[in-house]
Amino acid sequence: MVYRRAETGIGYEFVAVQRARHGDWSLPKGHVEKGESKEEAALREVREETGIEARIVSDLQEVVYFYKRPKQGLTRKSVYYYLMEALTDDLGGPNWEVSESRWVPMAEADALLSYAKDRETIQQALKALDEGPVKTDSSLRSE
């Protein structure tokens, strides 16, 4: 979950993506590639889907769900969410995965995001940001 201070200086915005295949609005996410840590995958996926460079400032949550795949049956999926501070602001254009990405005020998450777990992640991020200075684990930095 990538955030930045809102342009007004009051509150925060997050990056949402509309996935090209599904037309839904979600938080950037993807798969861990061979030899890559979960943190490295999260930073790479954000960069690929949005064009944003970010740094991880803390863990948020792990979401586990199941979905059906043709010919493979029920599949378990784990998604690890991190609170990430945007280091750049300019969003990339559409690509094969994402038809649009945009900065969204946190207050508009419920109206835009398609999935309850994404909306819950935004609430967790807001709570973490409202609790004061974000504590950064140096092992999670993207430097």
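Notes on the structure in this doc start here. As the structure is a prediction and not an experimental result, all values here were calculated from the model.

1. Observations regarding the environment of Glu36
Structurally, the position occupied by Glu36 is in the loop between β3 (25-26) and α1 (38-50). Judged by its relative accessible area of 18%, Glu36 is buried. On a C-alpha basis, the gap between Glu36 and Thr121 in space is 23 Å, while along the polypeptide they are 85 residues apart. Residues within four places of Glu36 in sequence aside, it is in contact with His31, Ala41 and Arg44.

2. Considerations on the nonpolar core
In this structure, Met1, Tyr3, Phe14, Leu83, Met106 and Ile122 are the most contacted members of the largest nonpolar core, which totals 22 residues. Listed by contribution, the elements that provide at least two residues to this core are β2 (12-19), β4 (54-69), β5 (73-86), α2 (109-112) and α3 (116-130). No other element matches α3, which puts 4 residues into this core. Beyond its immediate stretch of four places on either side in the chain, Ile122 contacts Met1, Phe14, Leu27, Met106, Ala109 and Leu113. Counting 12 residues, the second largest nonpolar core, distinct from the first, contains Val2, Ala42, Ala86 and Trp103.

3. Let's talk about the packing of aromatic side chains
Considering all chains together, one arrives at 2 aromatic pairs under this definition. Pairing Tyr3 with Tyr12 gives two aromatic rings, centres 5.7 Å apart and planes at 80°, and the pair type is edge-to-face. This pair shows no difference in class: Tyr3 is buried, exactly as Tyr12 is. Measuring from ring centre to ring centre gives 6.3 Å for Tyr65 and Tyr67, while their planes differ by 45°; the resulting arrangement is tilted. A residue is classified by how much of its surface remains accessible, and Tyr65, at 32% relative accessible area, is partly exposed.

4. Remarks on α1
Its 13 residues place the ends of α1 18 Å apart at the C-alpha level, agreeing with the 18 Å of an ideal helix rising 1.5 Å per residue. Within the span of α1, buried status applies to Ala41, Ala42, Leu43, Arg44, Glu45, Val46, Glu49 and Thr50. Two residues or fewer after α1 comes Gly51, characterised by a positive phi angle close to 85°.

5. Re the pairing of strand β1 (residues 2-5)
For β1 and β5, the ladder comprises 2 bridges, and the chain directions are parallel. If you follow Tyr3 over to β5, its bridge partner there is Glu85. Taken together, the 3 bridges between β1 and β2 define a ladder with antiparallel strand orientation. Residue Arg5 lies in a different strand from β2, and its bridge partner there is Tyr12. Between the end of β1 and the start of β2, which pair antiparallel, lie 6 residues, with Gly9 showing a positive phi angle near 90°.

What counts and how
Note that residues are indexed from 1 along each chain, following the sequence as it is written. Predicted model: local features are reported for residues with pLDDT of at least 70 only, side-chain atom pairs are reported and counted for 80 or more only, and whole-chain, interface and lining totals are derived from all residues. The side-chain values count all of the structure's non-hydrogen atoms but skip hydrogen atoms and water molecules. Only runs of H or I of at least four residues qualify as helices and only runs of E of at least two qualify as strands under DSSP, and these elements are numbered from the N terminus. Relative accessibility thresholds used throughout: buried, under 20% of the residue-type maximum; exposed, over 50%; partly exposed, between the two (1.4 Å probe, protein chains only). What makes two residues a contact is simply this: any of their non-hydrogen atoms within 4.5 Å. Nonpolar cores were defined as sets of buried Ala, Val, Leu, Ile, Met, Phe, Trp, Tyr and Cys residues, with membership established by side-chain atoms within 4.5 Å. Any pair of Phe, Tyr and Trp rings, taking the six-membered ring for Trp, is counted once the centres come within 6.5 Å. Such a pair is stacked with planes under 30 degrees apart, edge-to-face with planes over 60 apart, and tilted for the rest. Each helix should span, by expectation, one fewer than its residue count multiplied by 1.5 Å. Only strands that DSSP links by at least two bridges are regarded as paired with each other.

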